[in-house]
Amino acid sequence: MQESAYVFEEIAELLSMSGAEKGGARNVTDEDLGIIRDALMVCRNGRIEWVGEKSKFKADQIRALGNHKTVSLGNATVLPGFVECHTHLVFAGNRSEEFEWRMQGQTYQEIAAKGGGILSTVRATREASAHELQRLAQARADRFARQGVTTLEVKSGYGLNLESERKILEVASRLSGPRIVKTYLGPHSRSPDHPDLSSYMNEILERDLPEIAKAKLADRVDIYIEKGFFDLESAHKFFTKARELGLPIAAHVEQLSDFGGTELAMQFEPLSVDHVVYVTEETIAKLSRSQTTAVLLPASDFYLKMKYPPAREMLDRGVRVALSTDFNPGTSPTQDLSLVGVLARVEMKMKLAEVLTAFTLGGAWALGRAHEVGSLTVGKFCDFSAFEGRWQDLFYSVGEHPVHSVYKGGEKIV
Ligand code: NIG
Ligand code: FE
């Protein structure tokens, strides 16, 4: 591999997130943002070698750098690349009509029960060629990158058989731009190829999951546990098999009702439990004592006109929290991180420091990547965005993305 060394300078403020990192991304305050004024950052072979105040970087350290390039960031504010930890990025078609039906009073579950919802996206996604899916997904990944996303989770789940799920995961593998984390979400809905949910689950357990693990098609697995979707018994079997195969676990839980999915998933030490809107106080207490990250997805609560998760209770109890768009054509047809952050502040009483942590270290923990992304400290990937203005201006104006450049592993991607 070719050696590369970069010195990034002219950084008005750099949010290292060092305090949040030390505290495991829990109970964060403004102090924990680890702000460095007039900063300098040295990256070698994609990793951070030194970061601190420019005045503390001595002449002999510069000489010891050897061959390097100096990059001026033009007095920008720098923050860790966002970790967008829950997206259903690869799909074809859209569900704009359903949105209108929902606004006229039909529920998400009613539409799903008559073959709309997830199954309508499955039809469009199965019909689309890999090439077409690639084009759609790449444009979406680029849209995330332009907002400062450097790590992007991508779920399958609109294939619902091994062949189509594989097609989706392979599209995800070929995406350029952010680092990609792939999640197998075969158990997203009943499958059109099976008479019922349990027959599809049997196929997942006996054939699909072992094949996903063997071919290393996914980094982690996910399931939708909800009334009308997968029940606790199926989920138990799925988690047991995933653990046996060494696949890390995430789960869609307590999105529409208090169904018990979080409690069940917690028995399997999941990386994340996602949605957690109808989570009880006892479960929150359990989460706070665990290493599991609660992934909050307020854009889908907004679009479904549902209540929001009890973020304040979780944060005050010391639960580690992440935020994400849940981008998908049904419940959250938006890629806008600024909307999610503003909803978190307006509707979920989250403080700005908590929002920033949730979009960086929180997401990194949710994906099992906190050792390499989510903060700008020595040894981590040199993944960051630079923007004009102060960090206090972030997640204030919906639709505004002040980012002017984005770097992954020290290389410019936007
Ligand atoms: O996270 N709830 C399940 N999955 C998605 C929605 C998928 C869809 O409606 O297409 C979610 O909200
Ligand atoms: Fe989702």
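This structure is a prediction, so every number in the text was calculated from the model and none was measured.

## A few points about the coordination of the iron ion (ligand 2)
Working step 1: The iron ion (ligand 2) binds to the protein through His86 (NE2), His88 (NE2), His252 (NE2) and Asp326 (OD); the donor distances cover 2.1 to 2.3 Å.
Working step 2: We note that the donor set of the iron ion (ligand 2) lies within a single chain, spaced as H-x1-H-x163-H-x73-D.
Working step 3: Residue classification places histidine 86 among the buried positions, given a relative accessible area of 0%.
Working step 4: Histidine 88 sits in the buried class, given a relative accessible area of 2%.

## Here we look at the pairing of strand β10 (residues 272-275)
Working step 1: The pairing of strand β9 (residues 250-253) with β10 spans four bridges and is parallel. For alanine 251, the partnering residue across the bridge sits in β10 and is valine 273.
Working step 2: At this point the chain moves from β9, through helix α10 (residues 261-266), to the parallel β10, and the crossover so formed is right-handed.
Working step 3: As judged from the three bridges shared by β10 and strand β11 (residues 293-296), these two strands associate in the parallel manner. Paired with valine 273 across the strands is alanine 294, a residue of β11.

## Brief notes about the nonpolar core
In globular proteins that are soluble, nonpolar side chains generally tend to be buried together.
Working step 1: Of all hydrophobic cores here, the largest spans 100 residues; its most connected members are Leu89, Tyr184, Phe239, Leu323 and Met350.
Working step 2: Every residue in contact with methionine 350, bar those within four places of it in the chain, is listed here: Ala311, Arg312, Leu315, Val321, Leu323, Ala344, Arg345, Val355 and Ala358.
Working step 3: Grouped together as the second largest cluster of nonpolar side chains are 19 residues, Ala39, Val71, Ala76 and Phe384 included.

## Regarding the sheet that holds strand β7 (residues 179-184)
Working step 1: With parallel pairing, the four strands of this open sheet are ordered in space as β5-β6-β7-β8. One side of each edge strand has no neighbouring strand; the edge strands of this open sheet are β5 (82-84) and β8 (220-221).
Working step 2: Here β5 runs beside strand β6 (residues 149-155); their pairing, made up of three bridges, is parallel. Bridged to glutamate 84 within β6 is leucine 152.
Working step 3: With respect to the sheet, helix α7 (residues 162-173) is in contact with β6 and β7, its orientation differing from that of β7 by roughly 170 degrees.

## Observations concerning the pairing of strand β13 (residues 384-387)
Working step 1: Of the two faces of β13, the one lined by Phe384 and Ala386 and the one lined by Ser385 and Phe387 are each fully buried.
Working step 2: Inspection of the sheet shows strand β4 (residues 69-80) paired to β13 by four bridges, in the antiparallel sense. Bridge assignment links proline 80 to a residue of β13, and that residue is phenylalanine 384.
Working step 3: By the bridge criterion, four bridges tie β13 to strand β14 (residues 403-408) in an arrangement that is antiparallel.

## Description of the state of the cysteines
Working step 1: In the structure shown here, the tally under the stated rule is one disulfide.
Working step 2: A disulfide bridge connects cysteine 43 with cysteine 382, and the sulfur atoms are separated by 2.0 Å. Between cysteine 43 and cysteine 382, the disulfide has an S-S torsion of 45 degrees and is therefore right-handed. Note that cysteine 43 is positioned in strand β2 (residues 35-44) and cysteine 382 in the loop between α15 (352-366) and β13, a separation of 339 residues in sequence. For the pair formed by cysteine 43 and cysteine 382, the shared burial category is buried.

So, how was this worked out
Residues numbered from 1 in each chain as written. Chains lettered and ligands numbered in written order. Predicted model: local features only at pLDDT ≥ 70, side-chain atom pairs only at ≥ 80, totals over all residues. Heavy atoms only, no water. Donors = N, O, S within 2.8 Å, 3.2 Å for Na, K, Ca; no water. Buried < 20%, exposed > 50% of the residue type's maximum accessible area, 1.4 Å probe, protein only. Pairing = 2+ DSSP bridges. Helix = DSSP H or I, 4+ residues; strand = E, 2+ residues; numbered from the N terminus. Right-handed = clockwise from strand over helix to strand, strands pointing away. Core = buried A, V, L, I, M, F, W, Y, C linked by side-chain atoms within 4.5 Å. Contact = heavy atoms within 4.5 Å. Axes fitted to C-alpha atoms, helices over the stretch in contact; angles between N-to-C directions. Disulfide = S-S within 2.5 Å.

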